[in-house]
Amino acid sequence: MRGTNRKRGEGGATGRLGGDGVPKDDARAEAYGQGNKRTAHSGVGTARVPGRFEHALFEAIQRDLFTIGAELASPDPAKVDKALPGPRVGEPQVAVLEKAIDTHEAQLVALKSFILPGGTAKAAALHFARTVCRRAERAVVALAHDAAVSPAILQYLNRLSDLLFVLARAANAQASRPDTKW
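What you are looking at is a predicted structure, and each value in this text was computed from that prediction instead of being measured.

Draft legend 1. Up close: the pattern of salt bridges. In this structure the tally under the stated criterion is seven salt bridges. For the salt bridge of glutamate 71 with arginine 88, the shortest nitrogen-to-oxygen distance reads 3.0 Å. With a gap of 17 residues between them, glutamate 71 in helix H2 (residues 55-73) and arginine 88 in the loop between helix H3 (77-83) and helix H4 (91-105) connect regions that are remote in the sequence. Look at glutamate 71 and you get buried, because its relative accessible area is 12%. Its salt-bridge partner being arginine 159, residue aspartate 162 comes within 2.3 Å of it at the nearest N-O pair. Within this pair, aspartate 162 and its partner arginine 159 are both found in helix H6 (residues 151-174), separated by three residues, close to a single helical turn. It is possible to trace a salt-bridge network through shared partners that takes in Glu98, Arg134, Glu137, Arg159 and Asp162.

Reading the values: the criteria
Residues numbered from 1 in each chain as written. Predicted model: local features only at pLDDT ≥ 70, side-chain atom pairs only at ≥ 80, totals over all residues. Heavy atoms only, no water. Salt bridge = Lys/Arg side-chain N within 4 Å of Asp/Glu carboxyl O. Helix = DSSP H or I, 4+ residues; strand = E, 2+ residues; numbered from the N terminus. Buried < 20%, exposed > 50% of the residue type's maximum accessible area, 1.4 Å probe, protein only.

Take a look at the structure:
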């Protein structure tokens, strides 16, 4: 897909869904660019040992993040709907995140203080993915000041960062590695 527009970005513009370009520092480009980073960091967390830990959930999240990226990449809803392989992200996808949070939190020791991000390599990668998700959320909030953004996207990103925190703790617990209190 990328090969067709090689070197187009050298002039400071980037393509987006629908074919038109915008400056690379455009708020919409920043929002979906941060989304690309968030998706990649989710992949890093998924790849860490133990590799099968919540693999299906992470794959569903990455698909949702691509869908969100498509929606953020174009202000034209018709172009977005045409490009998507499935439905937009909404309440059903947020409910999946909430259920996963509840499932894992029920198995963890309740927090009574802040914890330092880290522990196992997988937990550290998930903590890092959480911070990237929060940055992406801030970029989408900034975009929403000037453009229409589905409230479901903001809700999804907020719940995703919470889930990544819980999964980081769960990865440490699975490895019998306690959280480090601040």
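This is not the end of the story, as more comes after the structure.
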